[in-house]
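One-letter residues, chain by chain:
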Amino acid sequence: MSLTSQQSITIEKINSSNINEVDFNNLEFGKEFTDYMFECDYKDGSWRNPTIKPFGPLTISPAAKVFHYGQAVFEGMKAYKDDQGKIWMFRPEDNFNRINKSAKRLAIPEFPRELFYQGLESMLLLDKEWIKPGLGNSLYIRPFVIATQNGVSASPSDAYKFMFLFSPAQSYYSGEVKVVIAEHFSRSADGGVGAAKAAGNYAAQFYPTNLAKEKGFDQVIWTDSNEHKYLEEAGTMNVFFRINDTLLTAPVSDRILDGITRKSVIALAEKDGIKTDVRKVKVSELIEASKNGSLKEIFGAGTAAVISPVRAFSYKDEVYNIPKKDTTFASRFKKELLDIQYNLVEDPFGWRHEVSSK
Ligand code: COI
């Protein structure tokens, strides 16, 4: 293993790549990881020792606070390769801002912008063979921060580890999903951490989602924690409804994540002249729209799945099917997003960020 230093980042090179052990035609989401990982530690009030090293296990004390109090936040981003071999990221500045917003909410120190980009771009160039060209292929980027101070006193850690992992990806959910509208469980509450990508938000979804799966559904549509009257998110995604030709989605709040795919879909809809209504959407109006035929589509929007159409939902044990359509908002927005992400069309929004060795 040779040690070199690029800017302030130490790079420990691999001896040989694991890329040939991976079947890129049969990828399961989030299962395979690239050759490298990025690590940077927070100690004595500053982030230090940024290092890119071979992917492998960490040595952490079982007393580290992350294991006891879940002081951890993460992000989901993607990198793409276009037909000319150029590498692109999609709206990385939004992920950078959001991880620091999440960190602040969990009493974690913010990470510096320059190190975020340097770490990410240097590692993308080292792992560039893992980004396969072609629509649907991408590299899922998982930035995360964990509390590493030893001790079980319930107080914020004074030490942290910031990391990037990369995982080659195809699509996340395959096909259309069936969802259950939550009548009892909630993903977040007013004044809570729903707007942050806190690790615990996702752990808290597993049990209600398992219950939905036992009944033959794939995901839960989360409703507000106060009355379970308003539709808020779907699984790990923001959720959109098409009633006649209007696109509806809930406004972001304490309880709803400011999704990057969500705001991109709203911007695309506005550009395309589609009427969008960002407001609280009632469960009762969805049921009504389904019964009178004005509900045309439901779809989730998130980084991993991009756009995930819903084919049926259940509420109070009644199943409502969404009639199939030849042309959907879901497929239109997915195409428009992918075309921008893969550098197939102009990017009027300035969302694409090229990664190149300067
Ligand atoms: C995303 O789609 O952005 C996510 O966060 C999904 C992840 C939990 C797998």
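Quantities reported herein were computed from a predicted structural model and do not represent experimental measurements.

Participant: Before we go on, may I ask you to explain the overall build of the protein chain in this structure?
Facilitator: The number of helices and strands found in the protein chain is seven helices and 20 strands. The globule rule puts the C-alpha radius of gyration for 358 residues at 21 Å, and the 21 Å found for the protein chain is close to it. Dimensions of the protein chain, computed from the C-alpha atoms along their principal axes, are close to 65 × 55 × 35 Å. Across the 358 residues of the protein chain, 52% fall into the buried class. If you sum the accessible surface of the protein chain, you get close to 16,400 Å²; carbon and sulfur atoms cover 49% of it. Across the protein chain, the mean location of the 45 positive side-chain charges is 2 Å away from that of the 46 negative side-chain charges.

Participant: Explain the environment of Asn100 here, please?
Facilitator: Positionally, Asn100 belongs in helix H2 (residues 92-105). For the pair Asn100 and Phe74, spaced 26 residues apart in sequence, the C-alpha to C-alpha distance is 9.7 Å.

Participant: What exactly am I supposed to notice about unusual backbone geometry here?
Facilitator: Most peptide bonds take the trans form, and the phi angle of most residues other than glycine is negative. Notably, His228 is not glycine yet its phi reads approximately 55°, a positive angle. When its relative accessible area of 15% is taken as the criterion, His228 is described as buried.

Participant: Help me understand the pattern of salt bridges, please; the structure alone is not making it clear to me.
Facilitator: Pairing of side chains with opposite charge becomes possible as their charged atoms draw close. In total, this model carries 24 salt bridges according to the counting rule given. Across the pair Arg242 and Asp245 runs a salt bridge, and its minimum N-O distance is 2.5 Å. The closest approach of N and O atoms between Lys271 and Asp272, which form a salt bridge, is 3.1 Å. Residue Lys271 is classed as partly exposed on the basis of its relative accessible area of 46%. Within this structure, Glu39, Asp41, Lys53 and Lys161 form a network of salt bridges that share partners.

Participant: Explain the confidence of the model for the protein chain here, please?
Facilitator: Detailed reading of predicted coordinates is not advised where the pLDDT is low. Of all residues in the protein chain, 97% attain a pLDDT of 70 or more, and the chain-wide mean is 95. Predicted confidence is poor over residues 1-6, with pLDDT under 50, and the contacts of this stretch with residues over four places away or in other chains come to 16 contacts.

Participant: Help me understand the packing of aromatic side chains in this model?
Facilitator: To describe a pair of aromatic rings, one takes the distance between the centres and the angle between the planes. Within the structure shown, the criterion is met by 26 aromatic pairs. Residues Phe240 and Phe299 carry aromatic rings whose centres are separated by 5.2 Å and whose planes lie at 15° to one another, so their mutual orientation is stacked. Of the two residues, Phe240 sits in strand E13 (residues 237-243) while Phe299 sits in strand E17 (residues 295-302), which places them 59 residues apart along the sequence. The two residues Phe240 and Phe299 agree in class, both being buried. With a centroid separation of 4.0 Å and an interplanar angle of 10°, the aromatic rings of Phe349 and Trp351 are classed as stacked. Exposure remark for Trp351: the relative accessible area of 7% places this residue in the buried category.

Participant: Any chance you could explain the nonpolar core here in plain terms?
Facilitator: In globular proteins that are soluble, nonpolar side chains generally tend to be buried together. Counting residues in each nonpolar core, the largest one holds 53 residues, and the members touching the most others are Phe116, Leu124 and Phe162. Shared between two domains, this core takes at least three residues from each, and those domains are domain 1 (10-169) and domain 2 (177-330).

Participant: Help me understand a nonpolar patch on the surface, please; the structure alone is not making it clear to me.
Facilitator: A cluster of nonpolar side chains, Leu135, Leu344 and Val345, forms an exposed patch at the surface whose accessible area comes to about 260 Å². Tracing the backbone shows Leu135 in the loop between helix H3 (113-126) and strand E8 (138-147). A relative accessible area of 54% places Leu135 in the exposed class.

Participant: I would appreciate a short explanation of the packing of helix H5 (residues 260-271) against helix H7 (residues 329-341) in the present structure.
Facilitator: Between two packed helices, both the angle of their axes relative to each other and the distance between the axes serve to describe the pair. Taken N-terminus to C-terminus, the directions of H5 and H7 make an angle of 105°; their axes are 10 Å apart at the nearest point. Judged by the inter-axis angle, H5 sits roughly perpendicular to H7. Between H5 and H7, the contacting residues are Thr261, Ser264, Val265, Leu268, Ala269 and Lys271 on the first element and Phe333, Glu336, Leu337 and Ile340 on the second.

Participant: So what exactly am I meant to see when it comes to H3 here?
Facilitator: Helical geometry note: an α-helix holds 3.6 residues per turn, so side chains three or four residues apart project in the same direction. Between the first and last C-alpha of H3 there are 20 Å, a value that for 14 residues agrees with the 20 Å anticipated at 1.5 Å per step. Burial of H3 is extensive: 10 of the 14 residues sit out of reach of the surface. Looking only at H3, the buried set comprises Leu115, Phe116, Tyr117, Gln118, Gly119, Leu120, Glu121, Ser122, Met123 and Leu124.

Participant: Before we go on, may I ask you to explain the domain arrangement of the protein chain in this structure?
Facilitator: Domain parsing of the protein chain yields domain 1 (10-169) and domain 2 (177-330). Inter-centroid distance (C-alpha atoms) of domain 1 to domain 2 is 28 Å. Domain 1 puts 17 residues into the contact, and the matching count from domain 2 is 17 residues. For domain 1, the biggest contributors to the area lost against domain 2 are Phe74, Arg98 and Arg105; these three give 39% of the whole. The interface formed by domain 1 and domain 2 contains one salt bridge. Between Lys263 and Asp94 there is a salt bridge, and its shortest N-O distance comes to 3.1 Å. If you look at where domain 1 meets domain 2, you find 11 residue pairs in polar contact (both at pLDDT 80 or more). Broken down by element, the residue count for the side of domain 1 that touches domain 2 peaks at five residues, all from H2. The class makeup of the residues in the side of domain 1 that touches domain 2 is eight nonpolar, three polar and six charged.

Conventions we followed
Residues numbered from 1 in each chain as written. Predicted model: local features only at pLDDT ≥ 70, side-chain atom pairs only at ≥ 80, totals over all residues. Heavy atoms only, no water. Helix = DSSP H or I, 4+ residues; strand = E, 2+ residues; numbered from the N terminus. Rg over C-alpha atoms; globule rule 2.2 N^0.38 Å. Buried < 20%, exposed > 50% of the residue type's maximum accessible area, 1.4 Å probe, protein only. Areas by Shrake-Rupley, 256 points an atom, 1.4 Å probe, with all protein chains shown as cover. Lys, Arg positive; Asp, Glu negative; His and termini not counted. Charge placed at Lys NZ, Arg CZ, Asp CG, Glu CD. Salt bridge = Lys/Arg side-chain N within 4 Å of Asp/Glu carboxyl O. pLDDT = per-residue confidence, 0-100. Contact = heavy atoms within 4.5 Å. Phe/Tyr/Trp six-rings, centres within 6.5 Å; stacked < 30°, edge-to-face > 60°. Core = buried A, V, L, I, M, F, W, Y, C linked by side-chain atoms within 4.5 Å. Domains from an automatic or database assignment. Patch = residues over 30% accessible without salt bridge, like charges linked within 9 Å, V, L, I, M, F, W, Y side chains within 5 Å. Axes fitted to C-alpha atoms, helices over the stretch in contact; angles between N-to-C directions. Parallel < 35°, antiparallel > 145°, perpendicular 65-115°, else oblique. Expected span 1.5 Å × (residues − 1). Buried area = accessible area lost by both parts, 1.4 Å probe. Polar contact = N/O pair within 3.5 Å; in protein donor to acceptor, adjacent residues only side chain to side chain. Nonpolar A, V, L, I, M, F, W, Y, C, P; charged D, E, K, R; others polar.

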